[in-house]
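Report on the structure
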Amino acid sequence: MPSKQVFNSQDGATYTTSTGAPVAKPYAAQRIGAVGPLLLQDFHHIDLLAHFDRERIPERVVHAKGAGAHGYFEVTHDITDLTCASLFKKVGNKARTTVRFSTVGGESGSADTARDPRGFAIKIRTDEGNLDWVFNNTPVFFIRDPAKFPHFIHTQKRDPQTHLKDADMFWDYLSLNPESIHQVMILFSDRGHPDGYHHMHGYSGHTFKFVNEAGEFHYVQIHFIKDGGAKSLTEPEASKLAGDNPDYGIQSLFEDIEAGKYPSWTVYVQTMTAAQAEKFRYNILDLTKIWSHKEFPLRPIGKMVLNENPQNYFAEIEQAAFSPSHTVPGIEASADPVLQSRLFSYPDTHRHRLGVNYNQLPVNAPAVPIANFQRDGFMAFSNQGSRPNYQSSLVPLEYKSKPYEEVQHETWLGAANADLSFVTELDFEQPRELWLNVFNDTDREHFVHNVAVHLCNAKSAEVKARQLSVFAAVDQGLSDRIANAIGVPTVKPLQVAPASAAIRFKAFA
Ligand code: HEM
Ligand SMILES: *[C@@H]1O[C@H](CO)[C@@H](O)[C@H](O)[C@H]1NC(C)=O
């Protein structure tokens, strides 16, 4: 379905150059005589080609393939005990929101149904600036040490020589970095290929901090639960669609919104006090772990509805620039080192991908006026007029709440510590729970199939055996089933340190 404009060119517009000069013949190029060379004086033709030559901007280094839409976030419950964020001051508050869903590893033309986590990036335009929640559709991640991220991503992308995706590289990395196993268990279930982009849940994964008016904080995990439930494809369905319709996800999101079938999510938080966090079995700054819903029940806070397709994909979705560091007073990052590194990485990549003034682009511009002393740079098109460009008459906010010093807050102390990935038995508890008690027989059957059709592509017997030893540390039966499915010998579990050796979380040094 082409955009409406294809069928509606009668909007009164006249064809012009980029400077607005009307041009009678769009296909014309000035040349000498009927068959001679072209003329440099023909601005229209040079304007046309020079702009075309510069159409591409870098695609996102990860999450290049995606789809997005606009809508709103609405506050449905009072959480002023948790946060002083102005968005949450009143039940019923609504803020215009833009969401971009994505796959992670593939290029911008790759298949929407690839086995991959899905990005779930949300920009909420509050009256205290933009709140970006840059989430995934899985509650955990592959790493807890940010130094591994570029290495890990390279193993999901193309081999430097063959320029092919490579099953050996993929499993070599995962088997040598077994803290990835929880995310691997989710990724190789059918949740690894959601049915389109908008039939899935979204999770902060990381722990965040909500701070209230009194300056007291809670640790929180944020969940966007799809109304009507999440939907997944099976491996054969996903593989077939990858060939038949690689843009399946973009298409079904666009068409559902055009048809008035607006996807919506109910938004919840799980909360913990610092004292609870210190007693919790897992380190809350380790995003390979989830918080049990039984121990830390979901508390509803709001809803999100997507009811508006972009008019222009590039301007409204491709140029959208999300970052976990785009936040508002009352909602803070935790000390999770992966999150901390993301606070830097996203604005850094935006300055590269979109330029230093990326926050002035219409889709990224906050709903509130900007007043500061940043000036100039490429494409500064809202440069704050005649307002002084040095610390001047701008009135800083009077903080009504207690200064943080008066409230007991996190205090950190310790030597520089480089290795965050030490693997213990603790890392296998939640994957085992998933395999034994969350998956049903069908899920288990699909899981074994999904791993087998991928792992069998690895050429190295050593890599296969090593990954099987990681699966055996989850459950011997699971590992043996995969070994049988790919026709290799069964192996013993990977030996790891006891749970008691794991790093424990302390908020107060
Ligand atoms: C050290 C860890 C990580 C680093 C360094 C990192 C870095 C990046 C970078 C550079 C981009 C491209 C952004 C752009 O060009 O606009 C990106 C995209 C994205 N990342 Fe991460 N990432 C990390 C982990 C995570 C985690 C744990 C999550 C989810 C919980 C996540 C969710 C996303 C999403 C949703 C996008 C796509 C945003 C969009 O649609 O524009 N990333 N990441
Ligand atoms: C198993 O669980 C999946 C969801 O993970 C569900 O779609 C399926 O119907 C369940 N199958 C059985 C036999 O209960």
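Rules used in this analysis
- Residues numbered from 1 in each chain as written.
- Chains lettered and ligands numbered in written order.
- Predicted model: local features only at pLDDT ≥ 70, side-chain atom pairs only at ≥ 80, totals over all residues.
- Heavy atoms only, no water.
- UniProt positions renumbered as here; feature names shortened; annotations may be inferred.
- Helix = DSSP H or I, 4+ residues; strand = E, 2+ residues; numbered from the N terminus.
- Contact = heavy atoms within 4.5 Å.
- Core = buried A, V, L, I, M, F, W, Y, C linked by side-chain atoms within 4.5 Å.
- Buried < 20%, exposed > 50% of the residue type's maximum accessible area, 1.4 Å probe, protein only.
- Domains from an automatic or database assignment.
- Phe/Tyr/Trp six-rings, centres within 6.5 Å; stacked < 30°, edge-to-face > 60°.
- Lys NZ or Arg CZ within 6 Å of the ring centre and 35° of its normal.

Per an unreviewed UniProt entry, the recorded name for the protein is Catalase, and the organism is Taiwanofungus camphoratus. Regarding the protein, the relevant UniProt record gives this comment under Function (unreviewed entry): "Catalyzes the degradation of hydrogen peroxide (H(2)O(2)) generated by peroxisomal oxidases to water and oxygen, thereby protecting cells from the toxic effects of hydrogen peroxide."

1. Here's the deal with the UniProt feature "active site" (unreviewed entry) in the protein
In this structure's numbering, the residues bearing the UniProt feature "active site" (unreviewed entry) are His 63 and Asn 136. Taken along the chain, the residues just named run across 74 residues; in space they keep tight, none of their C-alpha pairs more than 10.6 Å apart. You can see His 63 is positioned in the loop between α1 (43–53) and β1 (66–75). The contact partners of His 63, leaving out residues within four places of it in the chain, are Arg 100, Ser 102, Thr 103, Val 104, Gly 119 and Asn 136. Looking at the secondary structure, you find Asn 136 in strand β4 (residues 129–136).

2. A look at the nonpolar core
In a soluble, globular protein the nonpolar side chains are often hidden away together inside. One finds Trp 171, Met 185, Phe 447, Phe 471 and Ile 482 to be the most contacted residues of the largest nonpolar core, which totals 43 residues. Among the elements of the structure, α2 (149–156), α3 (167–176), α4 (181–187), α10 (426–438), α11 (441–455), α12 (461–474) and α13 (476–486) are those that each provide at least two residues to this core. A domain split of this core shows at least three residues from each of domain 2 (66–161 + 180–360) and domain 3 (417–508). Apart from residues lying up to four places away in sequence, Phe 471 is in contact with Trp 171, Ile 181, Val 184, Met 185, Phe 447, Val 451, Leu 478, Ser 479 and Ile 482. Listed in part, the 36 residues of the second largest apolar core include Val 99, Met 200, Phe 208 and Ile 222.

3. Comments concerning the packing of aromatic side chains
Applying the stated rule across the entire model yields 32 aromatic pairs. Ring geometry for Phe 141 against Phe 149: centres 6.2 Å apart, planes inclined by 25°, an arrangement best described as stacked. Exposure remark for Phe 141: the relative accessible area of 13% places this residue in the buried category. Arranged with centres 5.1 Å apart and planes meeting at 40°, the rings of Trp 171 and Phe 188 form a pair that is tilted. Here the residue Trp 171 occupies a position in helix α3, and Phe 188 occupies one in the loop between α4 and β5 (202–203), the gap between them amounting to 17 residues. The buried category is assigned to Trp 171, whose relative accessible area is 0%. Lying over the aromatic face of Phe 322, Lys 123 brings its terminal NZ or CZ to 5.2 Å of the ring centre. The residue whose ring lies beneath Lys 209 is Phe 217, and the NZ or CZ to ring-centre distance is 4.9 Å.

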